[in-house]
Amino acid sequence: MPELRLVWYRIRRLAALVFVLAVLCAPVLVSGCRHYAITTLVQATRPPSATSGTSTGSAPIATTSTGQSSATSSSSATTSSETSAIATESSVTESITSPSTVETSDSTSVITTITTAWSTTGESVKTTTTRPTTQSASTTTASPGTTTSTTSQATTTQAATTAVPTSAATTTVATTTVATTTVATTTTAPTTAAPASSFPVRIYSTFFRDEYGTNANLVTSGDGSVQLDVGSTPEGVVLVKIISIPTDKRVKVIVKGPSGTSYQYEITSRNRFEGLPLQMGSGNYTATIYEQISGTSYSTVFAHTFSVSLASSLRPFTASSIIVNFSTGSDCTAKAKTLCSSKPDQVARIESVYLWIVNNIDYDRVLASSITSGELKAYIPDPDRTLATGKGICYDYAALMAAMLRSQGIPTRLIMGQVPQGYHAWNEVYLQGTGWVIIAGFRYWEVDGSAWVMFDSTFAAGGMSSETILNTTHTKERTY
C-alpha cells in the first residue's frame, strides 16, 4: 500500500506540472497558429505570381509577332481555336483563355484575342477583334480591320502584373474569402467584339430619266441625224439622240474623257435621248457618233467636244443612264422605295435591296448562251425587264441593283471586269459612316469615314457565301 500511495502522489505532481506548463505556453501556441493560418490564407487568395509561370491555375499569355496570343496549357485553363481565310490572309488563330467569355455576331469570320492583366490597382481587360481584310496587319499598329476597346474594373486582390486569372477561385479558399466574388466580377468585364456601327441615312441627288432635258443645251449634227444635249452634264450624263439613222444600221458612240480613256456604247433606240455617263470626272470630253456601213465598218457621223463641271464627283453614280436606266415611274424605283422606306440606316437599305435581288432573280443561262455564241449582237440591260422576268445575266443583276439604289439616292457603280470564272459585272456602293457593314449577319466590310463597298449579287444568288465572294479576285476594267 505505501508503494501505491507513492505512485499516486507522483502522478498528481506530474499532472500539476503539466497544467502549469500548459497555462504558461498557451499564448505562444495560439499566436503561432494564428500567424500560420493567416499566412496560408493570404497566399491562397492571391492570383499566381508573374515570375512563376507554372503556378497551378495560371495560364500566362505570350504575345506573338502577329499580335495574337498563345496560352500555356494548364489544368484549369481551356483554349479554343478557329481559322478563317479572307482575301490575302490565309488563316488567323483565335485564342480565348477561360474564364473570360466572348460574344460575337459573326461566328464565321471574327477572330478574337483576349489578354487580361492584373495589377495592384485593378484589372484591365483589352479585347481586340480582327476580321481579315485585303490589307495586311502590321505587327506594331492596328490594321483597318481591327478595333480595340479597353475597360478598367477595380478589384481587391493584389497580385503580379502578367498573370491571367483562371480557376484559382475554385479552391477551398473560395468559401472563406472574397476571392470568389472578385474573380467572378472580372470575368463579366465587357468583351464586345466591335463598337456599334453608325451609317445614318444619306440621300444624294438622283437624276431620273424623266428629268432629261430640263436644262437643255442642244447641239445638232450638220445633217440633222444626231443631237446632243450637254445641259445635263453637271448631273453626270451627256444626252445623245439618234434621229434619222435607219434602225437596220447599228450606231456606236465613243466618249473620250479628260484622262484619255474611252468608253464605247451602242444605241439601239431612235428619237429619244439616252444618257451616257461622265464617270471620268470634270474636264473636257469628246463624243463621236458612228454609223454602220456594213459588217464591222463604220463611218463618222458627228463629233463634238464639250466641257464638263460635275456638281459632285458622285453625280454619275446617282444618275439614270443607258446602262442603269430608271425613271420616277419605273417598277424598279417603286420596288426599291418599298424595300427601303422603313429601314433605319443606310446599310439596312442597301441590305434590303441586295438580299431581295439575291433571293428573287435567277441566272438566265439561255440569254448567256445567246450572247456568248454571237447570236445576240448587242445587249443592253433593262432593270424593269429583269424585275418583271425574274432572271438575267450578271450584267442585269448589276444594272438592277444600281438602278434600285440610285433611285433612292444611294451612289452605286456598275463595274465590268475579270474574275477567275471570266468576264463579269458587279457593283460598288458608296457609304459614309463608321463601323462594320453587316449583311445578313456577316461582317462584310469595315468603313472608317467613307468607302466604296463591293457587292456581287450574281455570285450570291448562285449560292456563293459572302466570305468566298470577298475572297474571289475581282479585277476592275470598266466603271459605269
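Let me sum up the structure you'll find in this document. Only a predicted model underlies this, so the values are computations on that prediction, with no experimental measurement involved.

Focus on the pairing of strand β18 (residues 412–419)
Counting buried residues along β18, seven of its eight residues qualify, which places the element largely inside the surrounding structure. Direction of pairing for β18 relative to strand β19 (residues 422–439): antiparallel, over a ladder of eight bridges. Directly across from isoleucine 415, in β19, lies its bridge partner tryptophan 426. Sheet analysis places β18 next to strand β21 (residues 475–479), joined by four bridges and oriented antiparallel. Within the sheet, the bridge partner assigned to methionine 416 lies in β21 and is arginine 478.

What to know about the pattern of salt bridges
All told, the structure shown has seven salt bridges when counted by the stated rule. Arginine 209 is the partner of glutamate 274 in a salt bridge, and the nearest nitrogen-oxygen pair spans 2.8 Å. Here glutamate 274 is found in strand β13 (residues 274–277), whereas its partner arginine 209 is found in the loop between α2 (179–187) and β8 (218–220), with 65 residues between them in sequence. Take glutamate 274: its relative accessible area is 6%, and that puts it in the buried class. Taking the relative accessible area as the measure of exposure, arginine 209 reaches 16% and is therefore buried. A salt bridge links glutamate 266 to lysine 252, with the shortest nitrogen-to-oxygen separation between them at 2.9 Å. With glutamate 266 in strand β12 (residues 262–267) and lysine 252 in strand β11 (residues 251–256), this residue pair connects regions lying 14 residues apart in the sequence. You can call glutamate 266 buried: its relative accessible area is 15%.

Brief notes about the side chain of serine 466
By the secondary structure assignment, serine 466 is in helix α9 (residues 466–471). Under the relative-accessibility criterion, serine 466 is labelled buried at 18%. If we ignore the near neighbours within four places in the chain, the residues touching serine 466 are Phe442 and Tyr444.

Points about the packing of helix α3 (residues 331–340) against helix α4 (residues 346–360)
As a packed pair, α3 and α4 sit with axes 9 Å apart at the nearest point and diverge in direction by 125 degrees. Between α3 and α4, the angle falls in the class oblique. The element α3 and its partner α4 pack so that their crossing is right-handed. Across the interface between the two elements, Lys335, Leu339 and Cys340 of α3 pack against Arg349, Ser352, Val353 and Trp356 of α4. Its residues placed into classes, the contact of α3 with α4 shows four nonpolar, one polar and two charged.

A word on the nonpolar core
Core analysis: the largest hydrophobic core is formed by 82 residues, its most contacted members being Val240, Ile289, Ile357, Leu414, Tyr444 and Phe455. It is helix α7 (residues 394–407) that provides the largest number of residues to this core, a total of eleven residues. By size, the runner-up hydrophobic cluster in this structure holds six residues, among which are Tyr212, Val237, Leu239 and Phe273.

Conventions we followed
Within every chain, residues take consecutive numbers counted from 1 along the sequence as written. Two thresholds apply to this predicted model, a pLDDT of at least 70 for residue-level local features and 80 or more for giving and counting side-chain atom pairs, whereas whole-chain, interface and lining totals are computed over all residues. Heavy atoms throughout the structure, all of them, feed into the side-chain values; hydrogens and water do not. To sort residues, take the accessible area from a 1.4 Å probe on protein chains only and compare it with the maximum for the residue type: under 20% means buried, over 50% means exposed, and anything in between is partly exposed. The helix and strand labels rest on DSSP assignments: H or I over at least four residues marks a helix, E over at least two residues marks a strand, and numbering proceeds from the N terminus. At least two DSSP bridges between two strands are required for those strands to pair. Only one rule defines a salt bridge in this text: a Lys or Arg side-chain nitrogen within 4 Å of an Asp or Glu carboxyl oxygen. By definition, residues are in contact when any of their heavy atoms lie within 4.5 Å. The axes are straight lines fitted to the C-alpha atoms, using for helices just the contacting stretch, and the angles between their N-to-C directions are given from 0 to 180°. Any angle from 65 to 115 degrees is called roughly perpendicular, while one under 35 is roughly parallel, one over 145 is roughly antiparallel, and all others are oblique. Take the far helix as the reference: if the near one is turned anticlockwise from it by less than a right angle, the crossing is left-handed, and if turned clockwise, right-handed. Residues were grouped as follows: Ala, Val, Leu, Ile, Met, Phe, Trp, Tyr, Cys and Pro as nonpolar; Asp, Glu, Lys and Arg as charged; and all remaining residues, including Gly, as polar. Here the nonpolar core consists of buried residues drawn from Ala, Val, Leu, Ile, Met, Phe, Trp, Tyr and Cys, with membership extended through side-chain atoms lying within 4.5 Å.

Shape is all these values report; function is a separate question.
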